Amino acid sequence: MIKTKLSPQEIKHIAILAKLEPNQGEEIALGKQVEITVEYISELSEVDTANVPITTQVTGLTNIFREDLIDKKRVLTQNQALFNAKRAHNGYFVVNAIFED
Amino acid sequence: MFLLYNNIKELSNDLNAKKISPIDLIDEAYTRVKKYDSKVNSFITLVNRNDSINTAKELLKVKTKNKSPLYGIPFVMKDAYVTQNIPTTAASKILKGFMSPYNATVYQRLIDCGAILIGKMNMDAWGHGASTENTDYGVTKNPWDQSRTSGGSGGGPSAAIASRFCTFGIGEDTGGSIRNPAAWCGVTALKVTYGRVSRYGAIAYASSLDTVGPTAKSVLDCAFVLEAIAGVDPYDSTSSPEPVPHYSKSIENSLKGKKIAFPTEFYNESLDVEISEAIFEAKKVLEFLGAKVEEISIPMLEYGIPVYYILAPSETSSNLARYDGVRYGGGRDLFTKETERRIMTGTFALSTSYYDAYYKKAQKVRTLFINKYKSVLDKYDAILAPVTPIQPPKFGKLLNDPIKNMTADLYTVTANIVGVPSLALPCGFSKENLPIGMQLMGSMFSEETLLNIGNMYQQETNWHKQVPNLIKD
């Protein structure tokens, strides 16, 4: 279905899916801008695409494999892997709790 | 004349003959940056001068036979390519100070040739923009008129080339990001065939559209850079095994017999009159050089924008999901409004109720574009098109207007959608002395032809040799 108006609930839903947390004022402004964009891109519905296949990539390549061998040049040490993390603990990345207790 | 006004071939000859050393080039580059970049702001990270001098000294210690033409040559990269020991930010606060544990393939290939990186350059964050205003590191001002944008998303590299801070740059083009700033800064840039250059280590914007390419003062310089960076990479499974021609060799072939298509729909009322006039003049030069330029019809042009602004935001919403502040970087609250808007648009287009009408529809129209361009490019060596519908705007004009921001990409997005290469080069100036660019699009892997046409045009014209008043003192 072609859509040009987005309700506040839909905007909120999209923000949740996108893991964005704008405050209420920002969400309204963002919602309006997204709506403008969606209205513009909805123009595509005018194009006749009956029986036209989708394109997912343009390389024409398929099944690019490599041997299941370790490439030592690309192995990171634990320190390298943790280096940019804001929170690390005993060699682990720290994540927000997902269980309540 | 300054060393950095010379082209790669001249510098390479002088370096080999030991008339100059890489240290001379580094010294001049840093002097120029210190003198002018405060007015332009093209750098996010300027490599420490002593480090660059040391790199040059290390280079001189090693006896290299058959030196690459890029040996000792200073270059910059859009800050979308990861470099060990030098921060990579993608112009976002999220990656401020991020130190990558590995090098992007394009960077590795260039330093293996002996080229010397002097900076990571300003851009629209994550590639999201056409004006280098969507950056957390201050806007990049157009060296030709500092009240105007340098274009985007790769404004930093283009502005640096225009200001002669270095010899070449590496940009990235997803919807026009290397061609738009080249046109607005009066320099040359190549959007390569998708898969021609490895994307390993390139911070992903839209993975089915992103390309890695060279920007420089001239087509010939771009050819030398492309020779060094093109070619299949086992680390990038979308990189092409297509052999890499010796681009700098066939670049002087006569244009007699070349057929160039001139799509009439591209030259309508939405196109700035001065840009249109400049391209009509360029058409005459190409004809003078022996090419046949014929009018054709490509009526689909206007649909390129909605196709791109569905596919790119969708793919970016997925690619930017990795920035969760856990393994690296800051939190998602640090995204700019423009980036949030693109993520939201993409999330919308991919969401269950709308996927078919938007994302899938865009993928089908993409097929129509591919078929149409193939039918044209089977008969023509190139399509001659404007790069942008407007001249470089004053600050704030694009960023605050979602529709204008999108339509600035009108002429550039189709090359990305289809995957074909396109060469952007200067073809004139407006009466206010703002650069005007044109582009030559070709079929897949036709870089050799495009570079040839562009180079012969540059042998006949001087637009690409002009420099902004800013650096003329």
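Here's a quick rundown of the structure. (Residues numbered from 1 in each chain as written. Chains lettered and ligands numbered in written order. Predicted model: local features only at pLDDT ≥ 70, side-chain atom pairs only at ≥ 80, totals over all residues. Heavy atoms only, no water.)

**Observations regarding the interface of chain B and chain A**
Here is step 1 of the chain: Opposite the 58 residues of chain B that make contact, chain A presents 51 residues.
Here is step 2 of the chain: Roughly 4900 Å² is buried in total at the junction of chain B and chain A, and carbon and sulfur atoms are behind 68% of that figure.
Here is step 3 of the chain: Here chain B and chain A share 1 salt bridge between them.
Here is step 4 of the chain: One salt bridge in this structure joins Glu26 of chain A and Lys337 of chain B, with 3.8 Å as the shortest N-O distance.
Here is step 5 of the chain: Remark: the boundary between chain B and chain A carries 17 residue pairs in polar contact (both at pLDDT 80 or more).
Here is step 6 of the chain: Secondary structure elements with two or more residues in the side of chain B that touches chain A: helix H9 (304-319), helix H10 (337-350), helix H11 (356-377), helix H12 (402-407) and helix H13 (413-418) of chain B.
Here is step 7 of the chain: At 12 residues, H11 of chain B tops the list of elements feeding residues into the side of chain B that touches chain A. (Contact = heavy atoms within 4.5 Å. Buried area = accessible area lost by both parts, 1.4 Å probe. Salt bridge = Lys/Arg side-chain N within 4 Å of Asp/Glu carboxyl O. Polar contact = N/O pair within 3.5 Å; in protein donor to acceptor, adjacent residues only side chain to side chain. Helix = DSSP H or I, 4+ residues; strand = E, 2+ residues; numbered from the N terminus.)

**Comments concerning the packing of H9 of chain B against H11 of chain B**
Residue and element names in this part refer to chain B.
Here is step 1 of the chain: With their axes 9 Å apart at the nearest point, H9 and H11 run at an angle of 125 degrees to one another. In terms of axis orientation, H9 runs oblique to H11. Regarding H9 and H11, the two cross each other, and that crossing is left-handed. Here Gly304, Val307, Ile310, Leu311, Ser314 and Glu315 of H9 come into contact with H11, specifically with Tyr358, Tyr359, Ala362, Gln363, Val365, Arg366 and Phe369. (Axes fitted to C-alpha atoms, helices over the stretch in contact; angles between N-to-C directions. Parallel < 35°, antiparallel > 145°, perpendicular 65-115°, else oblique. Left-handed = near helix turned anticlockwise from the far one by under 90°.)

**Some points on the pattern of salt bridges**
Here is step 1 of the chain: Evaluation of the coordinates by the stated rule reveals 21 salt bridges over all chains.
Here is step 2 of the chain: Of the charged contacts in the structure, one is a salt bridge between Lys12 of chain A and Glu27 of chain A, with a shortest N-O distance of 3.2 Å. Taken together, the residues span a long stretch of sequence, with Lys12 of chain A in helix H1 (residues 8-17) and Glu27 of chain A in helix H2 (residues 24-41) at a distance of 15 residues.
Here is step 3 of the chain: The salt bridge involving Arg148 of chain B is made with Glu432 of chain B; its shortest N-O contact spans 3.3 Å. A residue pair is termed long-range when its members are at least 10 positions apart, and Arg148 of chain B in strand E5 (residues 145-149) and Glu432 of chain B in the loop between strand E12 (422-429) and strand E13 (435-441) qualify at 284 residues.
Here is step 4 of the chain: By relative accessible area, which is 12% here, Arg148 of chain B ends up buried.
Here is step 5 of the chain: We classify Glu432 of chain B as exposed; its relative accessible area is 53%.
Here is step 6 of the chain: Several salt bridges share partner residues, and in doing so they unite Glu26 of chain A together with Lys337 and Glu340 of chain B into one network. (Buried < 20%, exposed > 50% of the residue type's maximum accessible area, 1.4 Å probe, protein only.)

**Section: the sheet that holds strand E8 (residues 211-216) of chain B**
Residue and element names in this part refer to chain B.
Here is step 1 of the chain: Strand order in the open sheet formed by 11 strands is E1-E3-E2-E6-E8-E7-E12-E13-E11-E9-E10, with mixed pairing between adjacent strands. Bordering the open sheet on either side are strand E1 (43-46) and strand E10 (292-296), each of which pairs with just one other strand. Shown here is a sheet whose adjacent strand axes are inclined to one another by a mean of 30 degrees, direction ignored.
Here is step 2 of the chain: The strands touched by helix H7 (residues 219-229) are strand E6 (168-173), strand E7 (188-191), E8 and E12; relative to E8, the strand with the most contacts, the crossing angle is about 140 degrees. (Pairing = 2+ DSSP bridges.)

**Some points on the side chain of Lys78 of chain B**
Residues and elements named next belong to chain B.
Here is step 1 of the chain: Within the secondary structure layout, Lys78 lies in strand E2 (residues 74-78).
Here is step 2 of the chain: Within the local environment of Lys78, its side chain forms a polar contact with the side chain of Ser153, the two groups lying 2.8 Å apart.
Here is step 3 of the chain: Once you skip the residues sitting within four places of it in the chain, Lys78 turns out to touch Lys120, Met121, Met123, Ser153, Gly154, Pro157, Ile170, Gly171, Glu172 and Ser177.

**What to know about unusual backbone geometry**
All names here are of chain B.
Here is step 1 of the chain: Gly152 connects to Ser153 through a cis peptide bond whose omega is 10 degrees.
Here is step 2 of the chain: Relative to the helices and strands, Ser153 is located in the loop between E5 and helix H5 (155-162).
Here is step 3 of the chain: Even without being a glycine, Thr132 presents a positive backbone phi close to 50 degrees.
Here is step 4 of the chain: Relative to the elements of secondary structure, Thr132 occurs in the loop between strand E3 (116-121) and strand E4 (141-142).
Here is step 5 of the chain: Of note in the backbone geometry, Arg164 takes a positive phi value of approximately 60 degrees without being a glycine.

**As for helix H3 (residues 49-61) of chain B**
Residues and elements named next belong to chain B.
Here is step 1 of the chain: Between its terminal C-alpha atoms H3 stretches 19 Å, which fits the 18 Å expected from 13 residues at 1.5 Å a residue.
Here is step 2 of the chain: Every buried residue of H3 is listed here: Ser52, Ile53, Ala56 and Leu59. Buried residues of H3 fall within an arc of 115 degrees about the axis and therefore sit on the same side. The outward face of H3, more than 90 degrees from its buried face, is lined by the exposed residues Asn50 and Lys61. (Expected span 1.5 Å × (residues − 1). Arc of directions from axis to C-beta.)

**Observations regarding the environment of Phe2 of chain B**
All names here are of chain B.
Here is step 1 of the chain: Along the polypeptide, Phe2 turns up in the segment before helix H1 (8-16).
Here is step 2 of the chain: The spatial distance from the C-alpha of Phe2 to the C-alpha of Arg32 is 9.9 Å, given a sequence separation of 30 residues.
Here is step 3 of the chain: Excluding anything up to four places from it in sequence, Phe2 contacts Glu28 and Arg32.

Note that every value here comes from positions in space, so none of it alone points to a role or purpose.
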